Amino acid sequence: MSELAKTYDPVGTEARWQQAWEEQGAFHPDPKAPGEPFSVVIPPPNVTGSLHMGHAFNTALIDTIVRYQRLAGKNVLCLPGTDHASIAVQTILEKQLKEEGKTRHDLGREAFLERAWEWKAESGGRIVGQLRRLGYSVDWQRQRFTLDEGLSEAVKEAFVRLHDQGLIYRGEYLVNWCPASGSAVSDLEVEMKEVDGHLWHFRYPLTSGEGHLEVATTRPETMLGDTAVAVNPTDDRYAHLVGQTLTLPFVGREIPIVADDHVEKDFGTGCVKVTPAHDPNDFAIGQRHRLPQITVMRKNGTMNQEAGQFEGLDRFEARKAVVAGLEQLGLLVKVEDYRHSVPYSDRGKVPVEPLLSTQWFVKTEPLAARCREALENQDPRFIPERWEKVYRDWLTDIRDWCISRQLWWGHRIPAWFVISETNGKYTDSTPYVVARNEAEALEKAQAKYGEAAELEQDEDVLDTWFSSGLWPFSTLGWPDADSADLQRWYPTSTLVTGFDIIFFWVARMTMMAGAFTGEMPFKDVYIHGLVRDEQNRKMSKSAGNGIDPLLLIERYGTDALRFALVREVAGAGQDIRVDYDRKKDTSATVEASRNFANKLWNATRFALMNLGGETPAQLGDPDPAALQLADRWILSRLARVNRETAERYGSYGLGEAAKGLYEFAWNDVCDWYLELSKRRLNPGENSSAEALADQRTARQVLAKVISQMHLMLHPLMPHLTEELWHSVTAASETTFLALQAWPAVDEAALDDGLEASFTELIGAIRVVRNLRAVAGLKPSQSVPVRFVSGRGDLAAMLQRGTADITALTRAESVQVMTPDQSEASPVAKALAGVSGELQVLLPIEGLVDLEALTARLEKDISKAEKEIKGLAGRLGNPNFADKAPPEVVAECQANLAEKQAQADLARKRLADLS
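Asks: Give me the overall build of the chain: which residues, what numbers.
Replies: What the chain contains, in helices and strands, is 31 helices and 29 strands. Taking 914 residues into account, the globule formula puts the C-alpha radius of gyration at 29 Å, and the chain, at 37 Å, lies well above it. Here the C-alpha coordinates of the chain stretch approximately 115 × 75 × 55 Å along the principal axes. Counting only contacts in the chain whose residues sit at least 6 apart along the sequence, the fraction spanning at least 24 positions is 78%. Looking at the chain as shown, the accessible area adds up to about 40400 Å², and 48% of this sits on carbon and sulfur atoms. Separation between the mean location of the 102 positive side-chain charges and that of the 131 negative ones in the chain comes to 4 Å.

Asks: Talk me through the packing of aromatic side chains; I want residue IDs and the actual numbers.
Replies: Under the defined criterion, the tally for this structure stands at 35 aromatic pairs. Note on Phe382 and Tyr391: the rings are 5.0 Å apart at their centroids and 40 degrees apart in plane angle, and the pair reads as tilted. Each of the two residues, Phe382 as well as Tyr391, counts as buried. Where Phe417 meets Tyr432, the ring centres are 6.2 Å apart and the plane angle is 75 degrees; that geometry is what we call edge-to-face. Of this pair, Phe417 sits in strand β18 (residues 415–418) while Tyr432 is found in strand β19 (residues 432–434), placing the two residues 15 residues apart along the sequence. Accessibility expressed as a relative area gives 26% for Tyr432, which makes it partly exposed. Counting every residue linked through ring pairs, the aromatic cluster contains Phe159, Trp360, Trp401, Phe417, Tyr426, Tyr432 and Phe466. Of note, Arg67 hangs over the ring of Trp21, and the distance from its end group to the ring centre comes to 4.5 Å. The ring centre of Trp401 lies 4.2 Å from the NZ or CZ of Arg508, which sits over that ring.

Asks: Describe helix α16 (residues 502–516), naming the residues involved and giving the relevant values.
Replies: With 15 residues, α16 should cover 21 Å at 1.5 Å per step; its first-to-last C-alpha distance of 20 Å lies within 8% of that length. The element α16 is largely enclosed, with a buried count of 13 among its 15 residues. Backbone geometry just downstream of α16 places Gly518 in the positive-phi region, at approximately 75 degrees.

Asks: Mind laying out unusual backbone geometry, listing which residues take part and the relevant values?
Replies: Cis peptide bonds are those with omega within 30 degrees of zero, and the linkage from Asp379 to Pro380 qualifies with 0 degrees. Along the chain, Pro380 turns up in the loop between α10 (364–375) and β15 (381–383). Cis geometry marks the peptide bond from Ile383 to Pro384; its omega dihedral reads -5 degrees. The topology assignment puts Pro384 in the loop between β15 and α11 (387–396). Unlike most non-glycine residues, Ala730 shows phi in positive territory, near 60 degrees. Assignment of secondary structure puts Ala730 in the loop between α24 (718–729) and α25 (752–775).

Asks: Describe the packing of helix α18 (residues 558–567) against α24, listing the residues and the values that go with them.
Replies: Where α18 contacts α24, the axes come no closer than 7 Å and their chain directions differ by 120 degrees. In this view, α18 runs oblique relative to α24, as classed from their interaxial angle. For the pair formed by α18 and α24, the contact residues are Thr558, Asp559 and Arg562 on the first element and Pro718, His719 and Leu720 on the second. Along the lines of polarity and charge, the residues of the contact of α18 with α24 split into 2 nonpolar, 2 polar and 2 charged.

Rules used in this analysis
- Residues numbered from 1 in each chain as written.
- Predicted model: local features only at pLDDT ≥ 70, side-chain atom pairs only at ≥ 80, totals over all residues.
- Heavy atoms only, no water.
- Helix = DSSP H or I, 4+ residues; strand = E, 2+ residues; numbered from the N terminus.
- Rg over C-alpha atoms; globule rule 2.2 N^0.38 Å.
- Contact = heavy atoms within 4.5 Å.
- Areas by Shrake-Rupley, 256 points an atom, 1.4 Å probe, with all protein chains shown as cover.
- Lys, Arg positive; Asp, Glu negative; His and termini not counted.
- Charge placed at Lys NZ, Arg CZ, Asp CG, Glu CD.
- Phe/Tyr/Trp six-rings, centres within 6.5 Å; stacked < 30°, edge-to-face > 60°.
- Buried < 20%, exposed > 50% of the residue type's maximum accessible area, 1.4 Å probe, protein only.
- Lys NZ or Arg CZ within 6 Å of the ring centre and 35° of its normal.
- Expected span 1.5 Å × (residues − 1).
- Axes fitted to C-alpha atoms, helices over the stretch in contact; angles between N-to-C directions.
- Parallel < 35°, antiparallel > 145°, perpendicular 65-115°, else oblique.
- Nonpolar A, V, L, I, M, F, W, Y, C, P; charged D, E, K, R; others polar.

As structure tokens, this is what we get:
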């Protein structure tokens, strides 16, 4: 058995075990190994990322789950990886190039991609190193990257198959365009922000010269692309004008007045300008009325030649110029302040521009239908269940998915344009072929267009979420159906993720999996909440209120942070809050878990000093007939906590598991059993054979409890428990607690009645200790203790526990009486306390200065009454009670109740003395 240092060094301990696990391939499973398969593919963080509290929380939850399943005997694969993050990486590289006075076009595609891979090799592994710090029990030998060769082949295969099935098509539609990144972005990459803007009202004159119509807009620059004004068909004010035309200012174009149900006649003037090429709702109106689509803006956000005199202006400069021009023409009616939602590009951080663009799309309805059908059988199962409705609703109201991005870093779209059919140039009408590689593409093109077919591959790349949608099966070897990993671990067991990417990722994985594997990609989806800051706010970069987990790891250790995060979970899916002092970079929440780690460390050191140099295996199991009362109690508690913890780990009650283990380890084991066992573990020299036999029994129980406690806590605090378990068991350096078997529940040890009775015994000891403190007794002073109860079973428990009571309360003697017996033998001067149905009397006459004690109690009463008066007056003041925040009033009420209870207790004790 190894010795433990006096103090726990988390940083050194954690680094040592992380290295040992990885070097020995502890978490590198063999698909041929026995055991029920259990698999998790981790949500791949962006290769550009750095560890934030959300990563730490997600990791703690996943690792707790997989470490338990490994202990439960499953053949567990936890597969890590990173996402190539197209827009984020390209933004970083283009920013670097801009500082050098260059653009990506100056380098060319090949050189730009070489630079991207160099950046990935140098900086892209940062997040992986940080994830390692968290003690993730993943198989690093199977680590994947969404742009690695195998996954790239899977992406091509998926694209070709979907296209061959008619589920991928190319067409011109209105898309969200990000001028900053120069790419289309999906609806899910758009963040709606509330902004203070304006609503401009202006007139469009009737072409007949007989009046005008008034419209209003938040984007005046788009009026240059208007092709109609719409009114509601039931609006009597404008019914006579439908079919007439208006003359569009600045460009002189005649546009019709159309009737459309989309227009709300009671909103504004009831007239809506229609710009089909620049607004999704207008696009739909344009489709219904066959209106022209006129784009007035370039993809860089400047106005094009269709904008006439405003050509070349930035869109926001053009907005000001159009408003000024309307005012000069006498057509501006009024300008209103207007707070409204504006769509922003999540990556580019600028307002998106709806633009007509020829892009690649996935027909999502056929894919979503398969997912909805599976959901009828709870496939997958959502925990908590309420997120199933969110998932279903999104699958029900779904749009086609724009999957092309105008970038270079990413999976290049496997489509080749047959430019020889359009005079060697690419146009929107150039035919194309879709293939897995250029040779296959040329073969297809030649078969259809002749031997002289000339090809040019599409410049665009696929949306990052396309490859991420394949993640659960592409990482396991798909499309190779013979892949041993795929056959063994697919479908995966559990997906652990946040609710904010149910749409981004979860649904896309289920749609892709249904299409390519015929199965849902995971059995369970465990949705966790957010980590909120010390003021209960959502953490975000924009708010600047994030908490760096690495700072907390350096200060308190990884295990302390992990345990703190999981213990904060009040229920599956609930947000958690982390206390944090930003001036000191400290957290009371995590510090409490570090203190718990120290408690476990010291408890194990105590065991090592008292086990006589023997391991649990050498000591063996205790003889049931030799067990003392405290032994039987702690073994019953151990069996119960074992059963409860396994059930909680297995059903995603992770927060409940952490809280239960904390209470067991800190209270039952450390505060009570260790204290109760001390006198038995150290019987002294020249002890009797009976005392030595009892010492061995106590050692056997202590060894069993400590070693199993380590194992049960391992999923939550892996490094600490690995270290402590090794010190107690003397296991070899290549034998890991992480790979042991979860202990069977000792059903014979379970004793409900004993646990309940022993809890009452503990309560009695607590009362005696409190009364000693009130009396001001020195630790060395012995005093008689009297227990009074009319319950025979409780009295019997106290009688059996007399030796323990004496040891833990310094009792001179212990009397257990019925109420009648106590009345017949009254105590002259005593402090009294109550624990449930038990009265505790502490005779103190002749042992303490009664006058001094009386004076102290009177002083306590006076102080409490003064505080009660102040608190009651505060609550009685309407200005406070009615106007203060509810939580402040509630706190004041709680303080008042506490002070009243303190005063009542002091008065009772004073009465006992008299």
